Amino acid sequence: MGEVFKLECDTCQYENRISVGIGFLYTSLKSIASFVKDPSIKQQLDSFMKDSSTSFHAYDAMYVCPQCKGIQNELFIEMQSESSHFKHSCSCMRCGTIMIDIPMEHNVPVQLNCPDCSEGGLKATFYMDWD
Ligand SMILES: [Zn+2]
Ligand SMILES: [Zn+2]
């Protein structure tokens, strides 16, 4: 099961909802392939699915841009088989920099600057569960 957090800036009107964690669709590569839209991930899924030695990690993650502080909510996926390895890297929609995935947990303050005003700090509050 996953969780949705609400991010709010303490200075401006910035607000975002970020879902993190593992949903029931994330338990097999086949079901992940049914909702993934990115063609490069789809292609990787197809080839890893044919390999019985594949193991994988997949979950919703919050990505932060080290350059412009942009925040994106994307699927984290990493697959490993005897012959190959794939890890999806998320690039920033605003500046193209490779983003860093930041773990979010209950009652742990996020140390992030606001992507809009860059002066404010972001506060994360639990919003709801999802599955
Ligand atoms: Zn702000
Ligand atoms: Zn950026």
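Not measured: the values here are computed from a predicted model.

Participant: Just to check I follow, could you spell out the coordination of the zinc ion (ligand 1) for this structure?
Facilitator: The zinc ion (ligand 1) binds to the protein through Cys9 (SG), Cys12 (SG), Cys114 (SG) and Cys117 (SG); the donor distances cover 2.2 to 2.3 Å. Geometry at the zinc ion (ligand 1) is tetrahedral, judged from its four donor atoms and the angles of 105 to 113 degrees they form at the metal. When the donors of the zinc ion (ligand 1) are listed by position in the chain, the intervening gaps give C-x2-C-x101-C-x2-C. Remark: Cys117 occurs in the loop between strand S6 (100-102) and strand S7 (122-130) and Cys12 occurs in the loop between strand S1 (2-9) and strand S2 (15-21); sequence separation between them is 105 residues. For Cys12, a relative accessible area of 24% translates into the label partly exposed.

Participant: When you look at the environment of Leu45 in this model, what are you seeing that I'm missing?
Facilitator: Along the chain, the position of Leu45 falls in helix H2 (residues 39-49). Spatially, the C-alpha atoms of Leu45 and Ile77 are 9.8 Å apart, while their sequence positions differ by 32 residues.

Cut-off values and rules
Residues numbered from 1 in each chain as written. Chains lettered and ligands numbered in written order. Predicted model: local features only at pLDDT ≥ 70, side-chain atom pairs only at ≥ 80, totals over all residues. Heavy atoms only, no water. Donors = N, O, S within 2.8 Å, 3.2 Å for Na, K, Ca; no water. Tetrahedral: all angles 85-135°; square planar, octahedral: opposite > 155°, others 65-115°. Helix = DSSP H or I, 4+ residues; strand = E, 2+ residues; numbered from the N terminus. Buried < 20%, exposed > 50% of the residue type's maximum accessible area, 1.4 Å probe, protein only.

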